[in-house]
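# Structure at a glance
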Amino acid sequence: GLHYTVGTTLLTKLFDGTGRAIGIHVTGGSIAGLFAPVVAAAIAVRFGWRWALVPPAAVALVIFLLLLVALRPTEPEQPGLQMRNRFRPGALRSLLGRPPIAYTTVLATVAAFAWQATASFYPTYLVATRGLSVEAASALFSLYFVVLGLFQPLSGWLSDRLGRDTVIALTMLAGVVGYGALTLVQWLPATIGAIVVTGFAMSWGGPIQSRFMDRLTDDERGTGFGLVRTVYMLVGALGSGVVGTLADLAGWTVAFGFIAALMALSLVALATNRVLGLDL
């Protein structure tokens, strides 16, 4: 949580291709999501859960030493500014109140909501609606992470070439198609195809986060991006609770259909902004 905002701001400062750099950065999370649980579980089964915490601590130490040795120093943007002045309520409200920032925050919140719900319930959904074994559902969930990891750098690079909104719209459209197919089609090959499409849908990180950086000045990117990321992650974290509750009350089809509907609304918002020239 402390790393990501600083890392993203640093990449924005170092690279002109912001979308591609952020896309590669985000891929680290997908790689970890694919391998870390397997490694931790294997260690826990053999040696106990306490020992499962040792590898991440060792990796963190190695990365810290590498950064200490290899990363060149950067100049602070505002070395004379007191930290408390960056967190005055009025200044924070003013930042979030800017129409382009507020608009992008809404898009990011919907995307984070969908990501959180997917991460929480994808295997359970496949077991409940497709009659798959836990092992088979977990394997398909791993496929989702593989696709996500492959597409994240691509979507970031495409956003540098084609524009942020175009690629964000493509990811939202993929979400509508992917989650819609999951709720409507029972055929296993179609389910696998839907998993691939939703993997692309969740590769929104590079384009959306680059959209924030494009609209923040150099001296406010650290605080500004940290603030909007806190907002959209806090609200997006409701995805697990809301989708889980919908599954209990109305069934899994309604729960995952709700994700598709939210992404459809985001797609409509993007189209409206483009057609009406709102410049949000």
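Below you will find a few notes about this structure. By convention here, each chain's residues receive numbers from 1 onward along its written sequence. pLDDT decides what is reported in this predicted model: residues at 70 or higher carry local features, side-chain atom pairs at 80 or more are listed and counted, and totals for whole chains, interfaces and linings draw on all residues regardless. Excluding hydrogens and water, the side-chain values take into account all heavy atoms of the structure.

### Quick notes on unusual backbone geometry
Of note in this structure, D279 is not a glycine but carries a positive phi near 60°. Relative to the helices and strands, D279 is located in the segment after α14 (252-276). Helix and strand definitions follow DSSP, with helices as H or I runs of at least four residues and strands as E runs of at least two, each counted in order from the N terminus.

### Notes on the side chain of R221
Here R221 shows up in helix α12 (residues 221-236). We classify R221 as buried; its relative accessible area is 16%. Polar contacts, as counted here, are pairs of nitrogen or oxygen atoms within 3.5 Å of one another; within protein the pair requires one atom able to donate a hydrogen and one able to accept it, and residues that are adjacent in sequence qualify only if both atoms are side-chain atoms. Among the polar contacts made by the side chain of R221, one reaches the main-chain carbonyl oxygen of L216 at a distance of 3.2 Å. If sequence neighbours within four positions are ignored, R221 has contacts with T9, T12, M213, L216 and G226. Each residue's exposure class comes from its accessible area (1.4 Å probe, protein chains only) as a fraction of the maximum for that residue type: buried when under 20%, exposed when over 50%, partly exposed otherwise. Contacts are assigned to residue pairs with any non-hydrogen atoms lying within 4.5 Å of each other.

### As for a nonpolar patch on the surface
Excluding any residue in a salt bridge, patches collect residues exceeding 30% relative accessible area, merging like charges within 9 Å and nonpolar Val, Leu, Ile, Met, Phe, Trp and Tyr side chains within 5 Å. Each accessible area is a Shrake-Rupley result for a 1.4 Å probe, and residues are judged covered by the shown protein chains and nothing else. Salt bridges are counted wherever a side-chain nitrogen of Lys or Arg sits within 4 Å of a carboxyl oxygen of Asp or Glu. On the surface, L14, F15, V59, I63, L67 and L71 cluster together into a nonpolar patch covering about 510 Å² of accessible area. With three residues, helix α4 (residues 54-70) is the single largest residue contributor to the nonpolar patch.

### Describing the packing of aromatic side chains
Here is the rule: rings of Phe, Tyr and Trp (six-membered ring for Trp) pair when centre to centre is within 6.5 Å. Planes less than 30 degrees apart are stacked, more than 60 are edge-to-face, and the remainder are tilted. Using the criterion set out here, one finds 16 aromatic pairs in the structure. Centre to centre, the rings of W252 and F256 are 6.2 Å apart; their planes meet at 65°, and the pair counts as edge-to-face. Here W252 and its partner F256 are both found in helix α14, four residues apart, which amounts to about one turn of the helix. Each member of the pair, W252 together with F256, is buried. Taken together, F121, Y122, Y125, F141, Y144, F145, Y179, W252 and F256 form an aromatic cluster joined through their ring pairs.

### Observations concerning the environment of G149
Mapped onto the secondary structure, G149 falls in helix α8 (residues 134-162). With 54 residues separating them in the primary sequence, G149 and S203 have C-alpha atoms 7.9 Å apart. The contact partners of G149, leaving out residues within four places of it in the chain, are T27 and S30.

### A closer look at helix α13 (residues 238-250)
Helix length check: α13, at 13 residues, gives a terminal C-alpha distance of 18 Å against a target of 18 Å (1.5 Å per residue), a fit within 8%. If you check which residues of α13 are buried, you get G239, S240, V243, G244 and A247. Each buried residue of α13 lies within a common arc of 115° when the element is viewed along its axis, so the set occupies one face. What points out from α13, more than 90 degrees from its buried face, is the exposed set L238, D248 and L249. On its buried side, α13 packs onto α7 (99-130), α12 and α14. Looking one or two residues past α13, G251 carries a phi angle of roughly 100°, positive in sign. Helix span, expected: 1.5 Å multiplied by one less than the number of residues in the helix. To be clear, the arc concerns the directions from the helix axis to the C-beta atoms.

### Points about the pattern of salt bridges
Summed over the entire model, instances satisfying the criterion amount to five salt bridges. As a salt-bridge pair, D214 and R164 come within 2.7 Å of each other at their nearest N and O atoms. Linking D214 in helix α11 (residues 205-215) with R164 in helix α9 (residues 164-184), this pair joins segments that are 50 residues apart in sequence. By relative accessible area, D214 is classed as partly exposed at 42%. Residue D165 is joined to R211 by a salt bridge in which the shortest nitrogen-to-oxygen separation is 2.6 Å. Remark: R211 occurs in helix α11 and D165 occurs in helix α9; sequence separation between them is 46 residues. Accessibility assignment for this pair places D165 and R211 in one class, buried.

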